[in-house]
Amino acid sequence: MKKLLKHERYFQRLTSNLKMKLSLLFLFTSLFTIQARVSYSQGDKISVKVENQRLEKVLSFIEKTSDYNFVYKVNEIDLLRPVSLNVTKEKIENVLQLIFKNDSISYQIFDNQIILKKKPSVKKIPRRTAKTTNYQQLVKGTIVDDQGMPLPGINVVEKGTNNGSSTNFDGVYEIEVGENAILVFSGIGFKKQEITVNGQTTINATLQNDTEQLENVVVIALGIKKEERALTYAVTEVDGDGFTQAKEVNLADALSGKIAGVSVSNLTTGAGGSSRVTIRGNTSLSGDNQPLYVINGMPMDNTTLGGSASTSAGGFNIDHGDGTGGINPDDIETISVLKGATAAALYGSRASNGAIIITTKKGSFNSGIGIEFNSSFTVDSPMDFTDWQYEYGQGNGGQRPLNQSNAITWGRRNWGERIDGQPFVAFDGIERPYVAQKNNIDHFYENGTTFINTIALSGGSEKTSYRFSISDTDTKGVVPNNSFNRRIFSLNLNSTIGERLDIEGLVQFNRSKSYNRSSAGDATGNPNWVNMLANTVDVRWLDPGYDENGYEIEWNETPYASNPYFVANKFKNEGIRDRYLGQVSLNYRLLDNLSVRGSVSRDYTSFDFTAILPTGTLYTNNAAGEYHGFDLTVSETNSMLTVNYNEDLTEDINLGVMAGGNIRKYQNEQTNYDGRQFIIPFFYSFTNLQTSTTIPSNQHLTTNSIFGSLDLSYKNYLYLNATAREDWFSTLTASNGADSDNSILYPSVGAGFVFSEVINKPDWFSYGKIRSSWAQVGGGLPDPYTLNESYTMIPSSGEPLQQVTQVGGQRLLANANLRPYTSTTFEIGLEARLFNNRLGFDVAVYDKTTTDDIVNAQIPVTTGYEYTYFNVGEVENQGIEVAVNGTPVKNDNFSWDINYNMAYNKNEVKQLAEGLNTISVANSVGNWAEIHHEVGQAFGVIKGYSMLRDDEGNIVFDSNSGFPMRSELKKIGNSVAPLSMGLSNRFKYKNFALDVLLDGKFGNDIFSVLNVYATRFGLSKRTLEGRENGLVLEGVDQNGDPYTNTIPSTDIRSYYQNLKNYSDHFIYDGSFVKLRQVVLSYNIPVEKISLFKLQSASLSFIARNLFVLYSKTDNFDPESAYTNSNAQGFESFALPRTRSYGLNLKFKF
Amino acid sequence: MKTIYTKLTYLFVIVSTLFISCDDGFEEENTNPDASNQVDPEYMFTKAIYDALNNSTGTVYEFGAGGFVQHFATYLEVPGLGDKYLYISGSYPYAFFNGAYLDAINEIDKIIYATEGVEGFSNQNAIAQIWKVYTYHRLTDLYGMVPYTEATTAFSEANYSPVYDTQEAIYMDMLNTLQSASGSLDANQPSFGNGDLIYNGNVDQWSRFANSLMLRLAMRLTKVNPTLAEEWAQKAISAGIIAEPSNNAIIDYPGGQVINSNPIAFQLRNNNYSESNQGSSNTEGGKFADTFISYLKENNDPRLSSFAAVWINGSQKTDPELQQGMPNGLVNRPENFPGLSEPNLNTLLSLNSSLMVLGSAEMNLLLAEASARGWTSGDAQSYYLEGIRDAMNSLEGLYGNEAAVSEEEINTYIASQSLTGSLEEQMETIHTQFWVSVFPDEIEVYSNWRRTGYPELTPVNVTGNLTGGTIPRRLTYPPSEISVNTENYEAAVSQQGLDLFTTRVWWDVEQ
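Residues numbered from 1 in each chain as written. Chains lettered and ligands numbered in written order. Predicted model: local features only at pLDDT ≥ 70, side-chain atom pairs only at ≥ 80, totals over all residues. Heavy atoms only, no water.

Turning our eyes to something else, we now look at the overall build of chain A. Of the regular secondary structure elements, chain A holds 11 helices and 59 strands. Counting across all 1149 residues of chain A, residues that qualify as buried make up 61%. Restricting the contact set of chain A to residue pairs at least 6 apart, pairs at least 24 apart contribute 69%. Accessible surface, chain A as shown: approximately 42,000 Å² in total, 52% of it carbon and sulfur. (Helix = DSSP H or I, 4+ residues; strand = E, 2+ residues; numbered from the N terminus. Buried < 20%, exposed > 50% of the residue type's maximum accessible area, 1.4 Å probe, protein only. Contact = heavy atoms within 4.5 Å. Areas by Shrake-Rupley, 256 points an atom, 1.4 Å probe, with all protein chains shown as cover.)

Residue and element names in this part refer to chain A. Of all 13 residues making up strand 26 (residues 464–476), 10 are buried, and the element is well covered by its neighbours. Where strand 25 (residues 448–460) meets strand 26, 12 bridges bridge the pair, whose relative direction is antiparallel. For F451, the partnering residue across the bridge sits in strand 26 and is D474. Counted along the chain from strand 25 to the antiparallel partner strand 26, the turn is three residues long. In this sheet, strand 27 (residues 483–497) lies alongside strand 26 in antiparallel orientation, the contact comprising 13 bridges. Residue pairing across strands places S469 opposite S490, the latter belonging to strand 27. Taking the residues between adjacent antiparallel strands as the criterion, strand 26 and strand 27 are bridged by six residues, where N481 takes a positive phi near 70 degrees. (Pairing = 2+ DSSP bridges.)

Residues and elements named next belong to chain B. One pass over the full model with this rule turns up 71 aromatic pairs over all chains. Seen from their ring centres, F68 and Y446 are 4.9 Å apart, and the 45 degrees between their planes marks the pair as tilted. Of this pair, F68 sits in helix 4 (residues 57–68) while Y446 sits in helix 19 (residues 442–452); the two residues are 378 residues apart in sequence, bridging distant segments of the chain. As far as the burial class goes, F68 and Y446 line up, both buried. (Phe/Tyr/Trp six-rings, centres within 6.5 Å; stacked < 30°, edge-to-face > 60°.)

What follows concerns the sheet that holds strand 9 (residues 172–177) of chain A. Pairing between the strands of a sheet is mediated by backbone hydrogen bonds and can be parallel or antiparallel. Residue and element names in this part refer to chain A. With respect to topology, three strands assemble into an open sheet ordered 9-6-12, the strand pairing being mixed. Every other strand in the sheet has two partners, leaving strand 9 and strand 12 (205–207) as the edge strands with one partner each. In this sheet, adjacent strand axes meet at a mean angle of 35 degrees when their direction is disregarded. Pairing of strand 6 (residues 137–145) with strand 12, which is carried by three bridges, proceeds in the parallel orientation. Its bridge partner being in strand 12, D145 is matched across the sheet by L207. (Axes fitted to C-alpha atoms, helices over the stretch in contact; angles between N-to-C directions.)

This next bit is on the environment of V584 of chain A. Within the secondary structure, V584 of chain A sits in strand 29 (residues 572–591). Between the C-alpha atoms of V584 of chain A and F1072 of chain A, which are 488 residues apart in sequence, the distance is 44 Å.

With that out of the way, let us pick up the pairing of strand 25 of chain A. Summarising the sheet, strand 22 (residues 367–382) of chain A and strand 25 of chain A pair through 12 bridges and their orientation is antiparallel. Looking at strand 25 of chain A, one finds that G370 of chain A is bridged to S458 of chain A.

With that settled, consider the pattern of salt bridges. Inspection of every chain in the model, using the stated rule, returns 64 salt bridges over all chains. E444 of chain B serves as the salt-bridge partner of R216 of chain B, at 3.3 Å between the closest nitrogen and oxygen. Highlighted residues: R216 of chain B in helix 10 (residues 203–220) and E444 of chain B in helix 19, separated in sequence by 228 residues. You'll find R216 of chain B and E444 of chain B in the same group, each marked buried. One connected set of salt bridges, linked through shared partners, spans R280, K339, K769, R771, E827, E831, D842 and E881 of chain A. (Salt bridge = Lys/Arg side-chain N within 4 Å of Asp/Glu carboxyl O.)

This part takes up the interface of chain A and chain B. Facing the 99 residues of chain A at the interface are 93 residues of chain B. When the buried area of chain A at its contact with chain B is split by residue, Y791, Q802 and T862 of chain A rank highest and sum to 9% of it. Counting across the interface, chain A meets chain B through five salt bridges. For K110 of chain B, the salt bridge is made with E789 of chain A, and the minimal N-O distance between the two is 2.7 Å. Across the contact surface, chain A and chain B share 33 residue pairs in polar contact (both at pLDDT 80 or more). Sorting elements by how many residues they give to the side of chain A that touches chain B places strand 33 (residues 689–714) of chain A first, with 12 residues. (Buried area = accessible area lost by both parts, 1.4 Å probe. Polar contact = N/O pair within 3.5 Å; in protein donor to acceptor, adjacent residues only side chain to side chain.)

What follows covers helix 13 (residues 290–298) of chain B. Residue and element names in this part refer to chain B. Inspection of helix 13 places F292, I293, Y295 and L296 among the buried residues, and these make up the whole buried set. For helix 13, the angular spread of buried residues about the axis comes to 160 degrees, placing them on one side. Against strand 5 (286–288), helix 14 (303–307), strand 6 (308–312) and helix 18 (423–437) lie the buried residues of helix 13. In the stretch just after helix 13, N300 is the one whose phi turns positive, near 50 degrees. (Arc of directions from axis to C-beta.)

Looking now at the nonpolar core. Among the nonpolar cores identified, the biggest contains 160 residues, and W131, L139, Y143, W206, F209 and V357 of chain B are the most heavily contacted of them. Among the elements that take part in this core, helix 7 (residues 122–143) of chain B stands out by supplying 11 residues, more than any other. In contact with Y143 of chain B, other than residues within four places in its own chain, are P93, Y94, A95, F96, F97, R474, L475, T476, Y477, Q496 and V505 of chain B. Counting 65 residues, the second-largest nonpolar core is a separate cluster that includes A520, F957, Y1055 and I1067 of chain A. (Core = buried A, V, L, I, M, F, W, Y, C linked by side-chain atoms within 4.5 Å.)

All names here are of chain A. The topology assignment puts S349 in the loop between helix 6 (341–344) and strand 21 (355–360). For S349, a relative accessible area of 12% gives the class buried. Setting aside its immediate chain neighbours within four residues, S349 contacts D727, F729, Y746, V777, G778, G779 and G780.

A word on the sheet that holds strand 8 (residues 342–343) of chain B. Residue and element names in this part refer to chain B. An order of 7-6-8 is seen for the three strands of this open sheet, with the pairing classed as antiparallel. Each edge of the open sheet carries a strand with a single partner, namely strand 7 (315–317) and strand 8. For strand 6 and strand 8, the ladder comprises two bridges, and the chain directions are antiparallel. Bridge pairing in strand 8 links A309 to E342.

This brings us to a negative patch on the surface. Where like charges cluster on the molecular surface, the negative patch consists of E424, E425, E428 and E456 of chain B. Tracing the backbone shows E424 of chain B in helix 18. (Patch = residues over 30% accessible without salt bridge, like charges linked within 9 Å, V, L, I, M, F, W, Y side chains within 5 Å. Lys, Arg positive; Asp, Glu negative; His and termini not counted. Charge placed at Lys NZ, Arg CZ, Asp CG, Glu CD.)

This part covers helix 10 of chain B. Along its 18 residues, helix 10 of chain B runs 26 Å from first to last C-alpha, staying within 8% of the 26 Å computed at 1.5 Å per residue. By the N-cap criterion, in which a side-chain oxygen at the helix start approaches the backbone nitrogen of a residue two or three places on, helix 10 of chain B is capped by N202 of chain B, the distance to D204 of chain B being 2.9 Å. (Expected span 1.5 Å × (residues − 1).)

Right, let's talk about the side chain of S447 of chain B for a bit. Residues and elements named next belong to chain B. Within the element layout of this structure, S447 appears in helix 19. The exposure class assigned to S447 is buried, which follows from its relative accessible area of 0%. Here S447 is in contact with D141, R220 and W507, once residues within four sequence places are set aside.

Just geometry here; none of it tells us what the structure is for.
Here it is in structure tokens:
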């Protein structure tokens, strides 16, 4: 049943009787041979035998057993009306007449498309009397939509008469009209248009979409579609088109700013990096807090394989990419975001953070081959946020380097003389003029490029439909020699076998290869420390970073700050990831209102990663390099069985019941290969290492579930819904009388009331609904094998060695007394559409509380362990979400649509563990700042130090060091932004459309490691004070006596170097507003080009991350996250943010 | 319709069998196939021995204690805690603290727990108790008050916030433990085998080791409580200490894996000294300190050639006249950096060199002091000279032929030495020698220096140093103790004094 979901209509048009076999060969040969238009199956005869079935069912049955498809507006047709019918091999016209004989529904048959609509109400058009048959002229024309696609089934009526016609399959109509006639063109889903004939014999018209008129159908849990009006909780659906123009390589990043309550941290880890998405705040102290991703009803694995980057590590502190990075945006039909726990109750524990439901495009039955081609190219240019001081150049103690040794020692120091253009000696021993080098960022980084090409074929026969797509993403990063390539092959099949069995399958194969992903965090092996080059040194002098023997060239005092060119040119890392995603589902209709659905899906990834610290890396042992690698396979298998039952209890009340079970198995098997010192230099094999270890690790876990749901609807305005689910977790201990338990049962209830159906409402009030729901979701322990202590043998070349097993590198104290946690959400929402749908809004308020949260808490090392799991956390999120959409201007040629969304989430950590007030989640490089969860504070506060002050506010000095004492560790900021908003505008003028998206986040803070070092090295503008005359520091000493310390200008470095101890000097307000996306597209009027049966074509100029419109950070992008873990709030030498712009070209044949 | 009900019944049966026991097999599934559920005392003991000695050999040996006692120097600031009492970043002040509890102490407690009262494991239990004292005494000497009685009780007693014990209480308990553990050793009972890397389970040797450790701890108390020091020193000596090199506690390292390599050699190579660096691009800017090299040179100490070398034309030269150390307290790389002395890669830094845990050289020097104090019989000077002889003799065994000191060289050197004068003068002589003879056990040398004040070292005073230009008296606690063991941390600080490098530990009384 087509409820006017866009796109499909056009494919359907190319109906074909070819019984196509799904051989790939055939697909490709048909590419060139297809002449799609064949005859239509007008002759189908219909047999139906039903008694008191819902109209909906009857229409659906006709669609399934014939070539006919119905198109209608959901709210015009009483789909629940009972129908009784007994016809055998009747013509469709007769069948329709029987069905609608007493109904106010008219039908029109266009080829195999049947359009149902409400008969015009009886408040009458004044009838033209005698002259009605007195036609004077014939008018012909073609009606197309705004994409230039011919529109079949458009009503053409002479205004003021009931003289009418409609367009045929090619969108062509013919009508005889009287003089002074005005033609009215109307069609479901389109804006009505009137054109005065005025003697013309050809009148072509373009009808504008009027999608708001349509009743939206959204995809909710388990692949079930529901009318939006029947939902009792917040679901936002985004059309796949929104992702296919200005693409992000990682799909999740494209959600940024689009949906109220969905927060996307745009990581700066380069192409193929992962994403961090949170919905309605962070709920679990130890969970990843990211939503569950579901493709076509089945969960997929979104873990960051090989681990997320850490906040403070160096070497290969790389973001390996996550699961959403493996989805081709061009394959997406729609994305539904289920925000609340209610929406997700049926998916179980992993959906406690919400769920993102992806529905991929499918072929349609009875259609010829449709070909889509989508190509985009963007240039990604690094943005330079730095604003350094260029008054004083490289040097120390007010002196410039005059020999090579000094130049190296002072490689990162800018405590030299005033920049004067006179000679100095650089790290390479060459004398050069002492002038400011302001463009090092531009010089070191290159412009990246991203090509994304997708070709998709789709179509279907009577019983089978298919869609096959190939996508290639090819990215060159901004750091030299960094690249990423991804190919995705996807095949979607739908088939009906016999009368009662439907089969649906999806097979996807991805291969992605990443070369030389960039590290972030600490300095070792991190090319982005190029930011710290002294300001009179041109970065290109460092190129190529190695000497004639291939060894790294020293450019500064410590080899731990790697030569950026050496890293870019000689370091190697390579990740090859193969992913197979397969799912099959069978749906068997036992009765017309009872069906059983079984499905199996498997998401399997094998990932091989190798990183080489090459021979000549100065910081490695004997400069002989290191080898790090792993092979891992991860699989997630879900087997699910559900039974669906639907029954009209009375004429007005419908009951839907679903029950089922699911078995989820997750396995992660990893072997790590690490070694040091290549024996034969420059030969990078695992066989060529002085010392090496091979360590296997694995994680196996199972979650078994049973669940059920119950839906009741009364007429078309009152909806009730209840669900229940029980999960059993293999990672927990069964109840043993103590606190432990391995299962949890959790319910949800919800109600929706479309009050606009029952109240006396003014004309301008089109639609109004209020909804409310209460839901619980339970969750288990993410890590297996942590209940009981175990002991592991470790590699030894001498006597055997045994140690306490570490879990994920943590010394984790086992705790068997754990039980599942619970997340409870209550929400109320109000949605309304006004002024003939020109203005709409949706407001939701919610409270989401996690209790018994399983907390991975840091414990004192003096316990012998660093962490343990406690079952005591409580986290509360309260928030409001507002989405407003409107169409301020709308006329024939021009329209302006505006969408605004805002979300405010207040988060509070209510409880950790008894006697435990704070837990440390992560620390920055140098431990200057930490991320904590602290009772009474929001999730993820940034803690650090400030200068100690006495009661009068005087700075307290340590008379030993002469510097201010440091305060105790205290909160200095919030890492999570409570307020976020997005504003999108769409302007359309004839064939042009301009989309502009702005988004912003407010109220969070960022600790900047870059600025710590920039201050330490004298790059920062704040270090200008005291360079000429020194600084006088005043305050009190530890005893409270007045204290003065004079820092001479020659020693000023020590003062600024010491500032790092006071982390509050480096904390920045992270609020920002960005011009996220601009797309200017032009729909090529294909009807004028009769080339290759082109159906539509568009060309767009696309741009992402264009400008930062508002920001309070110095020298770095306010969005500088480099890990998708819970440890947000640090900036630390990640890749620069890139501004991307380019072109997108789309064709449909 | 009937068939439908039949189908429904089937379905119901299928669904219920699937879920009838929803947690079947979970226990097996949740068992790590790559881990054992039992402690093997022997294998874990080997790990505990390694871990006690490989703990922070870079951050604490070389850049902490080794700098404080001016054996090592670096011109860089980040690793400059020992060299110039700066703390820029990194875990230099607390890496040892974390490492001790997470590895060696937790492991040794697992062994004690697993062998406590178990038939046939009394010797293993006693040896583990002795090793525990060895592990702990280094920790408390560096930090003062530390969790001791309640440490690592989270596993057995769910205590997640261990209190800090006073150093005095820890010392008393350590001394008593040594006495009781060594007393319970029984040659007729089974013991550790090859897993005991030091004595192969030989209980007599372990008894001597316990008594020697007791003497070390007893002498530590000379400033704070001389009476107690005398009492325990006499107890230790009469029970039999390591007086002969044959009793030395030495670990041989086979090399290969990192953990099987001499940890001092490994870390120093990793941090600074390697063939590829050629004395020039030393990663952490390290060299031997001028104080150390000059002393060896001025005294014609033959050990100079065993330890030190300079890079000349691509190879390390050990000629004494070429040796020159780097002054402590530099903040810029000196011009002559590549030509300064650093540890010899073939001796001290050989990855399969051996490590002296506790030996007769140290014992003889302590006996010399005890004798000078009149606490024991025997001639102080004889002990003193014996100490030197043992120290020099041990070098070949530890570091190979290149480090060997010939009998002739030993005799020449010894001929130049004598122990005379007041107790204070004798103390200076003994403990300056201690500073050379116990090298590279930097933690012990640093503790001994704090107790005796010898050799007299001239501190440096760079801008921004944390001690006002004095050599630190202890290391500081890790930030994690401040944030997650707050109350106990604060109680310790209020009792011991601020958590500063200048605060003195209990036995380090200012005199």
